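Topology and contacts: notes
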Amino acid sequence: MDYFKLMQGDQPFVSSQFEMPTEKQMVAKELCWEMNNLRPSETEKKAELVKKLFGDSTDLTFIEANFHCDYGFNIHFGGLAVVNYNCTMLDTSPIHIGAGAFIAPSVVLACAGHSLDAKQRTEEGIGSSAPITLKNNVWLGANVSVFAGVTIGENSVIGAGSVVTEDIPDNVVAVGSPCIVVRKITEKDKLELKKANDKF
């Protein structure tokens, strides 16, 4: 079976870790290491590495150190994306990140999983994988974990520390472990911006 082709599809699959394309994983590790060890002022070099690492990116794909991923080619950015410090993306399946994504520090997006059966997990290396999709304008708070097969709807906000195991609809605030919807986002959520010459 061609696991490299299977990995790039939108269907869940089960595989053995011994058959996955480890040579492509090494490419991603080298690129992540290089990107994470740049000086902050080396913005042009970082932009080059971002284009090399990811399947799709734009000039508005901003990645802070320390970033880690399994393969890179399976991560697709659709526009502005701010990926803050210490994020990890296990992209054994495609990760689609829409425009306007805010991804806070220490977020984990994990397409990969392992068999619950101990023998399969430890001796046979059997695991599973399914895609993750963040639609446009999603904000993931600090230390959020998003797991295989999850889609988070447009404009939705996931509260810090949440564990997302099921799909989240558009335009909501969701929090918790497991993450659940607590309310819709409304006009009342807009912040009032004070100008420099306004009195406080």
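This section reports on the structure supplied with the text. It should be emphasised that the depicted structure is a prediction, and the values quoted were computed from it without experimental measurement.

1. Here we look at the sheet that holds strand S7 (residues 95-97)
The four strands are arranged S4-S7-S12-S15 in an open sheet whose pairing can be described as parallel. The open sheet is flanked by strand S4 (75-77) and strand S15 (151-152), the only strands paired with a single partner. Pairing of S7 with strand S12 (residues 132-134), which is carried by three bridges, proceeds in the parallel orientation. Within S12, the position partnered with His96 by the bridge is Thr133.

2. Some words on helix H2 (residues 22-36)
When the terminal C-alpha atoms of H2 are compared, their 21 Å separation across 15 residues agrees well with the 21 Å that a helix rising 1.5 Å per residue should span. Every buried residue of H2 is accounted for by Gln25, Ala28, Leu31, Cys32, Met35 and Asn36. The buried residues of H2 all sit within an arc of 125 degrees when viewed along its axis, so they share a single face. Away from its buried face, by an angle of more than 90 degrees, H2 presents the exposed residues Glu23 and Trp33. Of the surrounding elements, those touching the buried residues of H2 are helix H3 (43-53), strand S2 (61-63) and strand S3 (68-69).

3. With respect to the sheet that holds strand S18 (residues 172-175)
Spatial ordering of the open sheet is given by S2-S5-S8-S13-S16-S18-S19, a layout of seven strands whose pairing is mixed. Every interior strand has two partners, whereas the edge strands, S2 and strand S19 (180-184), have only one. Where S18 lies against S19, four bridges are found, and the strand directions are antiparallel. The residue bridging Val175 from the neighbouring strand is Ile180, located in S19.

4. Quick word on the nonpolar core
Grouped burial of nonpolar side chains is what soluble globular proteins tend to show. Judged by nonpolar contacts, the single largest core of 39 residues is most densely connected at Phe67, Met89, Ile97, Leu109, Leu140 and Ile152. For this core, the secondary structure elements donating two or more residues are H2, H3, S4, strand S5 (81-83), S7, strand S8 (101-103), S12 and S18. In contact with Leu109, other than residues within four places in its own chain, are Thr88, Met89, Leu90, Ile95, Ile97, Ile132, Leu134, Leu140 and Val146. If you look at the next biggest cluster of nonpolar residues, it comprises five residues, including Tyr3, Met7, Phe13 and Met20.

5. Thoughts on unusual backbone geometry
Cis geometry marks the peptide bond from Ala65 to Asn66; its omega dihedral reads -10 degrees. With respect to the element layout, Asn66 can be found in the loop between S2 and S3. Here the amide bond leading from Ser177 into Pro178 is cis, since omega sits at 5 degrees, within 30 degrees of zero. Structurally, Pro178 can be placed in the loop between S18 and S19. At Asn137, a position not held by glycine, the phi torsion is positive, near 65 degrees. Despite not being glycine, Asn143 shows a phi value in the positive range, around 65 degrees. Checked against the element boundaries, Asn143 lands in the loop between strand S13 (139-140) and strand S14 (145-147). Given a relative accessible area of 47%, Asn143 falls into the partly exposed group.

6. Considering the side chain of Ser15
Along the chain, Ser15 turns up in strand S1 (residues 13-16). Overall, Ser15 belongs to the buried group, its relative accessible area being 9%. In contact with Ser15, other than residues within four places in its own chain, are Tyr3, Met20, Gly125, Ile126 and Gly127.

7. Regarding a nonpolar patch on the surface
A cluster of nonpolar side chains, contributed by Leu60, Phe62, Leu80, Phe102 and Trp139, occupies part of the molecular surface with about 480 Å² of accessible area. Structurally, the position occupied by Phe102 is in strand S8.

8. Re the packing of aromatic side chains
What the rule picks out here adds up to four aromatic pairs. Taking 5.2 Å as the distance between ring centres and 70 degrees as the angle between the ring planes, the aromatic pair formed by Phe4 and Phe73 counts as edge-to-face. A residue pair is termed long-range when its members are at least 10 positions apart, and Phe4 in helix H1 (residues 3-7) and Phe73 in the loop between S3 and S4 qualify at 69 residues. On the accessibility criterion, Phe4 (30% relative accessible area) is partly exposed. An angle of 55 degrees between the planes, with centres 5.7 Å apart, marks the rings of Tyr71 and Phe73 as tilted. Take Tyr71: its relative accessible area is 5%, and that puts it in the buried class. The ring of Phe4 carries Lys24 above its face, with NZ or CZ at 4.4 Å from the centroid.

Definitions and limits used
Residues numbered from 1 in each chain as written. Predicted model: local features only at pLDDT ≥ 70, side-chain atom pairs only at ≥ 80, totals over all residues. Heavy atoms only, no water. Pairing = 2+ DSSP bridges. Helix = DSSP H or I, 4+ residues; strand = E, 2+ residues; numbered from the N terminus. Expected span 1.5 Å × (residues − 1). Buried < 20%, exposed > 50% of the residue type's maximum accessible area, 1.4 Å probe, protein only. Arc of directions from axis to C-beta. Contact = heavy atoms within 4.5 Å. Core = buried A, V, L, I, M, F, W, Y, C linked by side-chain atoms within 4.5 Å. Patch = residues over 30% accessible without salt bridge, like charges linked within 9 Å, V, L, I, M, F, W, Y side chains within 5 Å. Areas by Shrake-Rupley, 256 points an atom, 1.4 Å probe, with all protein chains shown as cover. Salt bridge = Lys/Arg side-chain N within 4 Å of Asp/Glu carboxyl O. Phe/Tyr/Trp six-rings, centres within 6.5 Å; stacked < 30°, edge-to-face > 60°. Lys NZ or Arg CZ within 6 Å of the ring centre and 35° of its normal.

Spatial relationships are all this shows, so hold off on functional conclusions.
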